[in-house]
Amino acid sequence: MTKLAFELLSLENNVFKAYLFWTAFLVLKMLFMSLITGFMRFRTMTFINEEDLLDKRLKVKYNDPHVERARRAHRNDLENILPFFTIGFLYVLLDPNATLAINLFRAVGISRIIHTIVYAIAPVPQPSRLLAFLVPVCATTYMAYEVVRAVY
Amino acid sequence: MTKLAFELLSLENNVFKAYLFWTAFLVLKMLFMSLITGFMRFRTMTFINEEDLLDKRLKVKYNDPHVERARRAHRNDLENILPFFTIGFLYVLLDPNATLAINLFRAVGISRIIHTIVYAIAPVPQPSRLLAFLVPVCATTYMAYEVVRAVY
Amino acid sequence: MTKLAFELLSLENNVFKAYLFWTAFLVLKMLFMSLITGFMRFRTMTFINEEDLLDKRLKVKYNDPHVERARRAHRNDLENILPFFTIGFLYVLLDPNATLAINLFRAVGISRIIHTIVYAIAPVPQPSRLLAFLVPVCATTYMAYEVVRAVY
């Protein structure tokens, strides 16, 4: 943190630009998960609230495997992408090596897209999903470690 | 981003003030969801952990519809409000048009209160909840789009 | 907010340093929850996706109590720690009393570790978990209140 925060939080800073891009991209990806879940609900006619039933002959239904799969993928996003948003921002404020930081953000972003595809859209055999899960976990862990180290 | 970050992140900036207000307000609203779920658990005596049973004659119980409804409303908050916190902040750093930005934050905040009411407190027929869900989704999508656009 | 944002978001500011430390620490703690859930899945052979089954003789299984307990603890983190990340950062920008702010962050961090231990690792009788839940809720509520107050 030799530079001041206001120099780092500017479009002159390529690390911050990469953070802006991948964060905005992942926000859009997360919102898209609701669409997938909604689509699965309509395709399988699985509605969980009385007021959502489109037809009086329908009944509330739980645990459709397609709907639940989309919901698990979405929850996995909450567990992994949201902490990245916070720690990635703090990492930018540490003025890290640009090449490393930009590639970390890129790795997180691309892995999470792959995670969504292999989990919610077109399930494939493991370890595809495991790897797409582990890359962002490792990147986030590294950034969190760097933040802790900067404090001492 | 013609202005510097430190001018934008100040109480002189009405856009940042609106962000501060609605973010803090929505944090309080989200914490309140735990209260609603807790209230529903006590009213229906639905406790999910052995150590939470108030009386030895009670047994752990899952899937009470009132409790589950409150939990779904809370989860929907996690899926929609938390990404807004991040993208709203980055949007403030882009120095957007003040009237537009303030009204976007207001629309998100008010819609999410309505969402909580019509989902967890007093369920009403659709499309009330759908609309209260879609307004923040559109506002968040627009802000994320603006952030992506600013990078190029 | 008499000081400018760039003075507050620097390693010269002990309040920001405490925020950096506890936020990074809690990000690591949250990622660790996935490990606990994974460990419980393997110990009880409870796999929820077809593609995760290690052996053709295994079947997908839901609702193992140990796995579900770990997942509930993780979800409770999402509900409480993630809003703290946002409001804690905004609170730092208000240039609060250093002793108070540092102890609030510390109370949140330590309570959430205790919460994880008594919920997911070694369940103990109540009100242990209730207290470990309430301390961060009160701290977060106070910070959100201070943010709302600063706007007026």
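Residues numbered from 1 in each chain as written. Chains lettered and ligands numbered in written order. Predicted model: local features only at pLDDT ≥ 70, side-chain atom pairs only at ≥ 80, totals over all residues.

Engineer: Sorry, what's going on with the overall build of chain A here?
Structural biologist: When you go through chain A residue by residue, the secondary structure sums to 5 helices and 0 strands. Along chain A, helices (α) and strands (β) appear in the sequence α-α-α-α-α when read from the amino end. Over its C-alpha trace chain A gives a radius of gyration of 19 Å, far above what one expects of a compact globule, namely 15 Å for 152 residues. Taken along its principal axes, the extent of the C-alpha atoms in chain A is 65 × 30 × 25 Å. For chain A, the proportion of its 152 residues judged to be buried stands at 42%. (Helix = DSSP H or I, 4+ residues; strand = E, 2+ residues; numbered from the N terminus. Rg over C-alpha atoms; globule rule 2.2 N^0.38 Å. Buried ≥ 20, exposed ≤ 12 C-beta atoms within 10 Å, placed from the backbone.)

Engineer: Please explain the nonpolar core as it appears in this structure.
Structural biologist: Here is a general trend for soluble globular proteins: nonpolar side chains tend to be buried in one another's company. Counting 123 residues, the largest nonpolar core has Y19 and I87 of chain A, Y19 and I87 of chain B together with Y19 and I87 of chain C as the members making the most contacts within it. Contacts of Y19 of chain A, omitting those with residues within four sequence positions, involve G88, F89, V92 and F105 of chain A. (Core = buried A, V, L, I, M, F, W, Y, C linked by C-beta atoms within 7 Å. Contact = placed C-beta atoms within 7 Å.)

Engineer: Got a minute to help me understand the relation of the copies chain C and chain A in this structure?
Structural biologist: Both copies of the chain are related by one operation, a rotation about an axis with a shift along it. Under the fitted operation, chain C is carried onto chain A by 0.0 Å of movement along the axis and a turn of 120°, and the coordinates agree to an RMSD of 0.0 Å. Here the symmetry operator amounts to a three-fold rotation axis. Of every C-alpha in chain C, the one belonging to F6 of chain C sits nearest the axis of rotation, 3.3 Å from it. Little of the interface of chain C is mirrored in chain A, where only 18% of its interface residues again form contacts. (Least-squares fit on C-alpha atoms with pLDDT ≥ 70 in both.)

Engineer: How should the interface of chain C and chain A be read in this particular structure?
Structural biologist: Interface extent is often summarised as the accessible area lost during association of the parts. Residue-level contacts link 22 residues of chain C with 23 residues of chain A. Elements supplying a minimum of two residues to the side of chain C that touches chain A: helix 1 (5-8), helix 2 (14-44) and helix 3 (65-92) of chain C. Here the side of chain C that touches chain A takes 11 residues from helix 2 of chain C, the largest share from any one element. Grouping the constituent residues of the side of chain C that touches chain A by class yields 15 nonpolar, 4 polar and 3 charged. (Nonpolar A, V, L, I, M, F, W, Y, C, P; charged D, E, K, R; others polar.)

Engineer: Explanation requested: the packing of helix 3 (residues 65-92) of chain A against helix 4 (residues 98-121) of chain A in the structure shown.
Structural biologist: Any two packed helices are characterised by how steeply their axes cross, that is the angle between the axes, and by the distance between the axes. All names here are of chain A. Contact geometry for helix 3 and helix 4: axes closest at 10 Å, N-to-C directions at 175°. Compared by their axis directions, helix 3 and helix 4 come out roughly antiparallel. Here R69, A70, A73, N76, I81, F84, G88 and Y91 of helix 3 lie close against helix 4, whose contacting residues are A101, F105, V108, R112, H115, T116, Y119 and A120. Taken together, the residues of the contact of helix 3 with helix 4 sort by class into 10 nonpolar, 4 polar and 2 charged. (Axes fitted to C-alpha atoms, helices over the stretch in contact; angles between N-to-C directions. Parallel < 35°, antiparallel > 145°, perpendicular 65-115°, else oblique.)

Engineer: Just to check I follow, could you spell out the relation of the copies chain B and chain A for this structure?
Structural biologist: If you rotate chain B by 120° and push it 0.0 Å along the axis, it lands on chain A with an RMSD of 0.0 Å. Little of the interface of chain B is mirrored in chain A, where only 17% of its interface residues again form contacts.

Engineer: Is there a simple way to think about the interface of chain B and chain A in this case?
Structural biologist: Of the residues lining the interface, 23 residues belong to chain B; the matching set on chain A comes to 22 residues. When residues of the side of chain B that touches chain A are traced back to their parent elements, those giving at least two are helix 1 (5-8), helix 3 (65-92) and helix 5 (128-151) of chain B. The leading source of residues in the side of chain B that touches chain A is helix 5 of chain B, at 8 residues. Here the residues of the side of chain B that touches chain A sort into 18 nonpolar, 4 polar and 1 charged.

Engineer: Hey, could you run me through the environment of P123 of chain B in this one?
Structural biologist: Residue position: P123 of chain B is located in the loop between helix 4 (98-121) and helix 5. In this structure P123 of chain B comes out as partly exposed when scored by C-beta crowding, with 16 C-beta atoms within 10 Å. Taking the C-alpha atoms as reference points, P123 of chain B and R69 of chain B, 54 residues apart in sequence, are found 9.6 Å from one another. Non-local contacts of P123 of chain B, meaning those with residues more than four positions away in its chain, are made with E51 of chain A together with V118 of chain B.

Engineer: Looking at this structure, how should I read the environment of V27 of chain A?
Structural biologist: One can find V27 of chain A in helix 2 (residues 14-44). Note: C-alpha distance between V27 of chain A and A144 of chain A (117 residues apart in sequence) is 20 Å. Leave out the neighbours within four places in its chain, and V27 of chain A touches P83, T86, I87, T140 and A144 of chain B.

Engineer: I keep staring at helix 5 (residues 128-151) of chain C and nothing clicks. Help me out?
Structural biologist: The end-to-end C-alpha separation of helix 5 of chain C is 36 Å, in line with the 34 Å expected for 24 residues at 1.5 Å each. Within the span of helix 5 of chain C, buried status applies to R129, A132, F133, P136, A139, T140, M143, A144 and V147 of chain C. Along its buried surface, helix 5 of chain C packs onto helix 2 (14-44) of chain B together with helix 3 and helix 4 (98-121) of chain C. (Expected span 1.5 Å × (residues − 1).)

Engineer: Whenever I open this one, the confidence of the model for chain A confuses me. Can you help?
Structural biologist: The predicted coordinates of low-pLDDT regions are not to be read in fine detail. Residues at a pLDDT of 70 or more form 97% of chain A, whose mean pLDDT is 90. Scored as a whole, the predicted complex attains pTM 0.94, and scored at its interfaces, ipTM 0.92. (pLDDT = per-residue confidence, 0-100.)

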